[in-house]
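# Structural description and commentary
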Amino acid sequence: MSLVEIEKLRLSIGDTPILNGVDLTVDKGEILGLVGESGSGKSMTALTLMRLLPQASETTGRVIFDGRDILAANEDEMCRLRGDEVGMVFQEPMTALNPVHPIGRQVAEGIRWHTGSNRADAENAARRMLDRVGLPESRFPLTRYPHELSGGQRQRVVIAIACALNPKLLIADEPTTALDVVLQKQILDLLKDLVDERGMGLLLISHDLAVVTEMADRVAIMRRGEILETGETTRTLSEQVHPYTRQLAQASMHVPQRTEKGARPRTRASSPLLSVEGVTRDYSGRRTGFLSRERPFRAVDHVSFEMGRGQSVALVGRSGCGKSTLARMILALDAPTSGDIKLKGETVIGRGEAELRPLRRDMQVVFQDPYGSFNPRHTVERLVAEPLHLLDEKPSPADRRERVAAALREVGLAPADMAKYPHEFSGGQRQRLSIARALITRPALIVADEPVSALDVSIRAQILDLFAELNSRLGVAYLFITHDLTVARAITDDVMVMHEGSIVESGRTADVLDNPRSEAARALVEAAPDLHRAMARRLVQSG
Amino acid sequence: MIAFLLRRAGIGLLTLVLASIVVFSVMEILPGDPARLMLGMNATPEAVESLRNQMGLNQPVPIRYLDWIGGLLVGDFGRSYTYSSPVIDLIAERASVSLPLALISLALSTAIAIPVGLFAASRRGRVSDTLSMGAAQVGVAIPNFWFALILVYVFAVWLRLLPAGGFPGWGGGIWPGVRALVLPSVALALPQAAILARVTRSALLEVLGEDYIRTARAKGMPRRIVLWRHALRNAMIPVLTIMGLQFAFLLAGTIIIENVFYLPGLGRLIFQAITQRDLIVVEGVVILLVATIVLINILVDVAYAIVDPRLRAR
Amino acid sequence: MSTVEVEAAPESFGDFLRKAFASRSFLIGFAITLVVAATAFVSLFWTPYDITNLVVADRMKPVSAEHWFGTDHFGRDILSMIMVGSRTSIAVAIVAVVVGVGLGVPLGCWAAARGGAVDDALMRFNDLVFAFPALLTAIMITSIFGPGAVNAIIAIGIFNIPVFARVARAGALALWPREYVLAARAAGKNAARITVEHILPNITSMLLVQATIQFALGILAEASLSYLGLGAQPPMTSWGRMLFDAQTRMVVAPHLALFPGMAIVVTVLGLNLLGDGLRDVLDPRLRRER
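Residues numbered from 1 in each chain as written. Chains lettered and ligands numbered in written order. Predicted model: local features only at pLDDT ≥ 70, side-chain atom pairs only at ≥ 80, totals over all residues. Heavy atoms only, no water.

## Some words on the domain arrangement of chain A
- By the assigned domains, chain A splits into domain 1 (1-85 + 168-228), domain 2 (97-166) and domain 3 (310-335 + 351-538).
- Look at where the C-alpha atoms of domain 2 of chain A and domain 3 of chain A centre, and you get two points 41 Å apart. (Domains from an automatic or database assignment.)

## Points about a negative patch on the surface
Residues and elements named next belong to chain A.
- On the surface, a cluster of negative charge is contributed by D193, D196, D217 and E232.
- With respect to the secondary-structure elements, D217 resides in the loop between α7 (209-215) and β9 (218-223).
- A relative accessible area of 33% places D217 in the partly exposed class. (Patch = residues over 30% accessible without salt bridge, like charges linked within 9 Å, V, L, I, M, F, W, Y side chains within 5 Å. Areas by Shrake-Rupley, 256 points an atom, 1.4 Å probe, with all protein chains shown as cover. Salt bridge = Lys/Arg side-chain N within 4 Å of Asp/Glu carboxyl O. Lys, Arg positive; Asp, Glu negative; His and termini not counted. Charge placed at Lys NZ, Arg CZ, Asp CG, Glu CD. Helix = DSSP H or I, 4+ residues; strand = E, 2+ residues; numbered from the N terminus. Buried < 20%, exposed > 50% of the residue type's maximum accessible area, 1.4 Å probe, protein only.)

## What about the packing of helix α5 (residues 151-163) of chain A against helix α6 (residues 181-198) of chain A?
Residue and element names in this part refer to chain A.
- Between α5 and α6, the least distance of the axes is 10 Å, while the angle of their chain directions is 15 degrees. Between α5 and α6, the interaxial angle falls into the category roughly parallel. Between α5 and α6 lies a crossing of right-handed hand. Across the interface between the two elements, G152, Q155, R156, I159 and C163 of α5 pack against L183, Q186, I187, L190, L191, L194 and R198 of α6.
- Of the residues contributing to the contact of α5 with α6, the split by class is 7 nonpolar, 3 polar and 2 charged. (Axes fitted to C-alpha atoms, helices over the stretch in contact; angles between N-to-C directions. Parallel < 35°, antiparallel > 145°, perpendicular 65-115°, else oblique. Left-handed = near helix turned anticlockwise from the far one by under 90°. Contact = heavy atoms within 4.5 Å. Nonpolar A, V, L, I, M, F, W, Y, C, P; charged D, E, K, R; others polar.)

## Brief notes about helix α13 (residues 397-410) of chain A
All names here are of chain A.
- Taking 1.5 Å per residue as the helical rise, α13 with its 14 residues ought to reach 20 Å, and the 20 Å between its terminal C-alpha atoms agrees with that figure.
- Buried within α13 we find V404, A405, A407, L408 and E410.
- Of the residues trailing α13, G412 is marked for its positive phi of about 85 degrees. (Expected span 1.5 Å × (residues − 1).)

## What to know about the confidence of the model for chain C
Residues and elements named next belong to chain C.
- With 93% of its residues at a pLDDT of 70 or more, chain C shows a mean pLDDT of 83.
- Confidence drops under a pLDDT of 50 for residues 1-7, and excluding neighbours within four residues, the segment shows 20 contacts in the predicted structure.
- Here residues 285-290 is modelled with pLDDT under 50, and outside its nearest four sequence neighbours on either side it reaches 26 contacts, counting other chains as well.
- If you check the scores for this complex, the pTM reads 0.85 and the ipTM reads 0.84. (pLDDT = per-residue confidence, 0-100.)

If you want it as structure tokens, here you go:
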């Protein structure tokens, strides 16, 4: 008998159907990877198992955990089960811990509740558990508060809470999505070790096929509240029986066609499009007293580089390495503490908004969040036309509409879309709108800050294709800010690796990513999930 | 935490200095010569002039401001010309009515509001939640002085259970004094309790939607324990903020209630002083109330720091 | 990926109406507010009795078929008085809100856009105003500058300024780091233009909710001032003024105080419900469930 048996599980919240007959099993000690794009119902399946669903939820079907009927259990029975026999790790470590209780108490709380042990014993158990997840008491006393820990450390505390009583099943819902790749690797390794060592079953929920391939014994592919396919991981992903599985796998490994890839002449010799010279950005420290402040924090430290026309460059690094700050300074949205930034030989530093206008025409921006980058109250026409403000002569309404229509066509949208509002578009379409907005002044440079990391894999592949095509067709140069090496590999000629405010390595993308020389670059490359490599490794392991 | 509190205290001090300048300037631009008011209309110009000299009214404005501040610091609030006694004595006497009134009201309002808020939040969406919050919604809309009139009519005029007004003083023991304060403090407290109950409930509901509540539930903790141990303390910040504001409001809200009940408190003192242009009394009481509010704000900040370790770290 | 069903803010006016009419608070609040506003409007042309006509023979009559709410100490019909008095109460509260929005919102937006010293100065100004008990200051202003509706508006409006400045500042500060504002900056728009095009439209709903709250508080404040004899002066009347006249006659004629007070309670209740409903509909952050 399996540890978890889910049969014909249906769930609706209010009038909205969420799950339409989910069938799933998890065996004792097995890692099951549950994969699907956003909105597929993965998280809701997990919350049903815990019976932590939103208030207006209605469920039918059968959910059996270790011989017990979960859907029929009352709240007291569920309380005994949760935390003791089933533990859960969530996506967002920054908010998953109670800010007003020290971490030791948060780990010990569940232990005391379930075992009825006294405070000292529970704290000892908590101490051992925190030590096991990599937070030894010598450096992380039990009296630490969550705000004194980083995101990765907090996720370790959440794992300690979930695993404190050796549950039979651990549910991990996108446990590393909010972390950068290096931390992701560490947390996944920890989870795998704990599961092996304690014989726990693991239900690992992820949108990332590579992560699941690295970890899972079996994989279940989910879409629109249904399980499409389940099976042994490598076989399912190599045979790709279900068309959706194939679609997901191909999108994950997608590399856009780039006509001139590698053939584009290096333009260093001629005058560079963008030159960054010794740029440094300090943030003043937090105020600690009347006159005292903390030491200033150096986000960007003497960075220099050049970019040629039409060149596509990736700036990669871990979260907090200063890459977004650098991007904002290049876009003249933030001023460097020292150093100079020149676009087409003219400095962007210290200019008033009016003097910046001719330069701004030549550099535009695409942001990460397709939902946050548009004013929800404006029409597409108004949104896409916004940079036309930079033209010296205000275009006539007819001319403006003509330009918007052209930009929309450029990114694969219809001119008729210009009367709509942003909420009428999907995430991928909004990212197209973002690109249309960036293109409308025909800039020489587009700075894109994590432009595809909020998108599902299949959409991501389409947007990468669009970027590649525009680069070939219009000759626009890109500076891609990303933590995702797959993206860097797919559409850039050159790559710069940033670490703690400095650029520690740069060169041809393929060279750097295949043979990283600096430690920071090596750590990134090793930690980056890659479906090809993961599959190869699994195939070798299983012989 | 010390740095955080010092900074808050510094801001409070700055506010107090600015407020004293504002109060002094307002009194300065008002018409009326204190010396003439004190001596009456029949006084000779010479007598007025000599009193003006004696009171320092002929000195330049900055010097007089500093004199005034210097006096405040050593407890010299000046002399009232309508009561012919030192302002500090008047304040002390009147505060013995107003301070107990404000404290009883605050205690009453807190004792009603927090349990009701907790109850409603824990039974969210059910009939009992809807009813208690409906009642609170009505409570918020009731003007306290009108509520006071109704209370007087019901409990004093009709049922004859409690006095309709006046204050016997604390000389005859505690009980008669407390009896006189029952209706005024209920009139002050209930509308405040309604506000506080609504704030408590919505703060709790906001917190109950946080991720760490789900973490606690995933640990197996029952709803009841989660509410007490994890939600309540996090919900205290907005509740404390409102309580601080309410104490400030209660101090000033006594002006009207003391009028309704003919209580000889600070509120009546300042109201009469304003109407009689006894500016020295007005100045003294206003600056005292401002200082109290500033002090309460600092105390609320201390309370924040006790509740939330993130603030302690600063 | 979210496990929380967050309801989206309304996306169009039709959507807003659909959501608003599904909210019980909004419906009740809107209905009450509409009735109060309609009553005030009707009183411009018609009241059951002419309140300038004093009928001493009918003074302090209790509730009857002729005078639904009875008559006052001059024999005036209380229902008619309440209808006429609503105009003063509403007008004072609305103008005080307009004063607060008109001065507070630009201040708050300016502080959020500029940051630094401007922002610090605004915050200190707010601290300063909030350090004075509002009612006390209002009493001082009306008593020193003379009692009357105009001075009551000033006294109430002054305290609305920092309230709206604070709300506008908080809303604007949350919007400035948004990507669409950054995109507008990358499009070369200056702070004033961004504030008008991107900030203001997106903080309107917060301001609207705050306005209904301040409107309700304004009605209470006007009633307090008039009750102390510092608001509307005869021959003008207001609900607070009616209570001022009623207080000494409570023992013999409690209905003199009962009905104007209930008018205040109902109006403030209606506005608060309307505000709650608007908040539910426009700012769905608080409505998520788990």
